Amino acid sequence: MIRIFSLQSAAALALATALISAPAAAQDAPLPVDENSDGTITSAQDIVVLGSIGYRNRSEDQVEPVLTYDSEFFQRFEPLTAGDALKRVPSVTFLSDVIESDGARLRGLPPGYTQILINGEKVPGSNADRSFFLDRIPAELIDRVEIVRSSSARRTGDAVAGTLNIKLRDGYELDGGYLRAGGLYFDDKELEPSVGGVFGGALGPGRFLIGANFQGRHNPKKKLSLRYGDSPENNPDYATDDFDNREDQRDTRDGKDYSVNATYDIKGDTTDFSINGFYVHTDRVEDERSFEYNDATAINGPVRATPPGNLTVDNANVARINQDNYSVNGKLAHRWSLGETSLKVGLSQFDEDRFETEYEVEFDRALPRFTGDQTLSAIKDKEFSVKLEHEVALGEDAKLVFGGFWQDKDRSTAILEAPRDRYNLTVADRQGYDQFNRNPTEFVRTFGAFVPAAGGLNRIEEERLDGFVLVEGRSGAFAWEAGVRYETTDLTIDDLTPPATRFTNDYEEFLPSASFKFDVGSGGRITASVARTSRRPEFNFLSPALLEAEYGDNDLLGNPLLDPETAWGLDLGYEQRLGRSGIAGVNIFYRKVNDLIELTNTGDEGSEGDGTFIFQPQNVGDGKVYGIEFDLSTDLGFLGLPDTGVFGNLSFLDSEITDQFGERRFNGQSDYVYNVGFIQDVKSVGAAFGATYRKQGGAFDRVIGEEVFTSYGADLEIFVEKRFGKSFTIRAVGSNLLNGAKREVFNKFNTVEDQNDRSFDEYELEKETAGPVFQLIARYAF
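Everything quoted here is computed from the prediction, not taken from an experiment. (Residues numbered from 1 in each chain as written. Predicted model: local features only at pLDDT ≥ 70, side-chain atom pairs only at ≥ 80, totals over all residues. Heavy atoms only, no water.)

Draft legend 1. Quick look at the pairing of strand β9 (residues 176-185). Here β9 runs beside strand β10 (residues 191-203); their pairing, made up of 10 bridges, is antiparallel. Counted as the bridge partner of arginine 180 is glycine 196 from β10. In textbook terms, the turn of a hairpin is the stretch between consecutive antiparallel strands, and for β9 and β10 this stretch comprises 5 residues, one of which, lysine 189, has a positive phi near 70°. Across 8 bridges, β9 lies against strand β38 (residues 773-781) in antiparallel orientation. Paired with glycine 182 across the two strands is isoleucine 777, which belongs to β38. (Pairing = 2+ DSSP bridges. Helix = DSSP H or I, 4+ residues; strand = E, 2+ residues; numbered from the N terminus.)

What follows is the structure, given as structure tokens:
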């Protein structure tokens, strides 16, 4: 079943045709290579006052297929985070809330299938699926982004979908400094600051860089939910016959990000040394206020109408979150008679403390009832790693690379809950209550002591030891690489909730890979790669705890003996140089995923009684992922418009999994995503302007007890820039100009039998919206 080649519309077909058929202009100049291989140090003035339009690049140093985007490609649209920047690159989708870009889904797969690297090294995050949220990295720290479509024995194999490598600025990429200051204006009239600065230069025998950034974060959203007792699958008149309630919600995310990064590099005749690090601290408040009504449109509360009015539930849910993320890495490389030996040592840590309260008053009762819940949670994830690598020449055109990698990972989780407080209010509380001027928090009483939640205290230690060897070479226009990586892992899982239990597991994976690139014709290049990769089990599936009513009325029992999923993958692509700096490319990919982790029915009765079961994750499934990717990035010099840059990318994504309910895609995979845009530089007046338009297709998720259909509206961003001399630039940027909306349809069921029979517990339509965001940013170089 190949659905990806059925284009969605005539417009999509036209875009795909344009991307692969753009004319190849005369080769006016060689394509600049990445990684500053020519030793050029960029001045601060060149970063602040961009002298040209940034385009997509391709790597000359790496054999596996790599797409490179320098900061100039993103900067004019002033992204706030690495996630915002990646919205413009091929095949990256998000299922985040509107105007947020956190969990990158390369090729539409869940975030845990994408390997996120910072300066080529892995970093821990808060998520149970081992993913790292890209909104943790301010875009101002980025020098470039690399999309590595396949895998190499040099890197860990946790990259089924591919790898996103975020390279931060270092001392050999900046001379001088610049300041950045401005503000963001939101739809609810909130103003947030954005201030930062970077400075780099010579220091002793080497060069250094230091940068700092302060960013106010704000996301005011509104949600509307309509809930029914049945769905249009069973009753065409469900909207009138089966209406249950309406929920109006105000959801505001407020935060402050503080970040700093620093590097120091020494490059000698035979020995190089570098040390780099970054630190990000976030204070964040997520404030949700929800009103449920028994009418599809009315907003009458108890005080606004004859009792009982239309308000049935008033809910206040607030989470206060503190996060700290840091990473420090050092590298020593020495060239000697037997080749080059390098040693890397890295330490990274993620800490999160969260205090969440949920207070609710139910009015659809004889007496109003207050319910209060308080939860404390803490996550600490720490990784220490050592990598030793040696490379030696094999003649003039080939080399042998081999080495080892050791990592110790410790992740501790603590979830504590206060005993629920529930009691009846009085009739007077109902009659005098106005939901727009009062709040359930006024009924809060003193809570009891916090106690561990079921499975809420656990510690996971993962020790891995990898060895790798590869050979790479070049013969004229043909470059190649072939290697293998052998990964071993020892796992210890402690469930510390009384009575404490310990489980151990170990596994090993053999991960071969091979890639080549072949330059053909005038600026053309064929790339191909085959590799075996893996995905390690989610942390929440490894904990052996029994969680009651986790999936509808069904329970979840963890499985500490899970093995990783593995995948064989193939990438085949063609790229064509266009003019001085442009590239057009097409790539097809395929992944055969084995040992998929799926929930299986143990056959044991669940805690909710007859008709419910205990489910446990097992390595029982297989899946396929495939798609085609187009991208174009070029100036229009061949049309006599050298100061006009255009870019576009289009990806069709598909997959197949068979679960106990039938066939589906990988959960959350959009069927397509595309971006188009332009930048016009007006050099005569020192100005520029541009726009980018993005749209991603719908996605479907299915787990036991719930099915979700998700769709997004389009996103439009526009910028205007004015340059003053060689040191000062002002930009105005508008984003989310189409008032982006996220729509979700929820099918909810109590039991597996109900889900098979389509007997609904609840059918819900939800719409989340947010308004435009405007930025005014000034940069000054010195």
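Draft legend 2. Spotlight on a nonpolar patch on the surface. Together, Phe273, Ile275, Val328, Leu332, Leu343, Val345, Phe384 and Leu388 line one region of the surface with nonpolar side chains, adding up to about 610 Å² of accessible area. Listing elements by their share of the nonpolar patch, those giving two or more residues are β13 (271-293), β14 (311-336), β15 (339-362) and β16 (369-393). Within the secondary structure layout, leucine 332 lies in strand β14. (Patch = residues over 30% accessible without salt bridge, like charges linked within 9 Å, V, L, I, M, F, W, Y side chains within 5 Å. Areas by Shrake-Rupley, 256 points an atom, 1.4 Å probe, with all protein chains shown as cover. Salt bridge = Lys/Arg side-chain N within 4 Å of Asp/Glu carboxyl O.)

Draft legend 3. Representation of the environment of isoleucine 730. Along the polypeptide, isoleucine 730 turns up in strand β35 (residues 728-735). A residue is classified by how much of its surface remains accessible, and isoleucine 730, at 29% relative accessible area, is partly exposed. For the pair isoleucine 730 and arginine 779, spaced 49 residues apart in sequence, the C-alpha separation works out to 6.4 Å. Ignoring any residue separated from it by four or fewer positions in sequence, one finds isoleucine 730 in contact with Val720, Glu721, Lys722, Phe724, Leu776, Ile777 and Ala778. (Buried < 20%, exposed > 50% of the residue type's maximum accessible area, 1.4 Å probe, protein only. Contact = heavy atoms within 4.5 Å.)

Draft legend 4. Spatial organisation of the confidence of the model for the chain. Of the residues in the chain, 93% have a pLDDT of 70 or more, and the chain-wide mean is 89. When mean pLDDT is compared element by element in the chain, strand β22 (residues 524-535) scores highest at 97, while helix α1 (residues 10-21) scores lowest at 39. Note that residues 303-307 has pLDDT below 50 and, in this model, 10 contacts with residues that lie over four places away or in other chains. (pLDDT = per-residue confidence, 0-100.)

Draft legend 5. Focus on the environment of asparagine 739. Tracing the sequence through the fold places asparagine 739 in the loop between β35 and β36 (741-748). By relative accessible area, asparagine 739 is classed as partly exposed at 46%. Along the chain, asparagine 739 and phenylalanine 447 lie 292 residues apart, while their C-alpha atoms are 41 Å from each other. Filtering out sequence-adjacent residues up to four positions away, asparagine 739 remains in contact with Ala770, Gly771 and Pro772.

Draft legend 6. Molecular detail of the packing of aromatic side chains. Per the counting criterion, the structure on display carries 29 aromatic pairs. The interplanar angle of 85° and the centroid separation of 5.6 Å between the aromatic rings of tyrosine 113 and phenylalanine 666 together place this pair among those described as edge-to-face. Of this pair, tyrosine 113 sits in the loop between β4 (105-106) and β5 (114-118) while phenylalanine 666 is found in the loop between β29 (662-664) and β30 (672-682), placing the two residues 553 residues apart along the sequence. With respect to burial, tyrosine 113 and phenylalanine 666 carry one shared label: buried. The interplanar angle of 35° and the centroid separation of 6.3 Å between the aromatic rings of tyrosine 674 and tyrosine 693 together place this pair among those described as tilted. Here tyrosine 674 is found in strand β30, whereas its partner tyrosine 693 is found in strand β31 (residues 687-696), with 19 residues between them in sequence. Overall, tyrosine 693 belongs to the partly exposed group, its relative accessible area being 29%. One aromatic cluster is present, built from ring pairs that chain together Tyr228, Tyr238, Phe243, Phe749, Phe760 and Tyr763. (Phe/Tyr/Trp six-rings, centres within 6.5 Å; stacked < 30°, edge-to-face > 60°.)

Draft legend 7. Region of the structure containing the side chain of glutamine 775. Examined against the element boundaries, glutamine 775 turns out to sit in strand β38. Within the structure, the side chain of glutamine 775 is placed 3.0 Å from the backbone oxygen of glutamate 78, a separation counted as a polar contact. Apart from residues no more than four positions distant in its own chain, glutamine 775 is found in contact with Phe77, Glu78, Leu80, Arg180, Gly183, Leu184, Arg731, Ala732 and Val733. (Polar contact = N/O pair within 3.5 Å; in protein donor to acceptor, adjacent residues only side chain to side chain.)

Draft legend 8. Local environment of the pattern of salt bridges. According to the stated counting rule, one finds 87 salt bridges in the structure shown. Residue arginine 58 pairs with glutamate 60 through a salt bridge whose shortest N-O separation is 3.9 Å. A salt bridge links arginine 464 to aspartate 158; the nearest nitrogen and oxygen atoms lie 3.3 Å apart. Of this pair, arginine 464 sits in strand β19 (residues 451-475) while aspartate 158 sits in the loop between β7 (142-148) and β8 (162-168), and the two are 306 residues apart along the sequence. Side by side, arginine 464 and aspartate 158 carry an identical accessibility label, which is buried.

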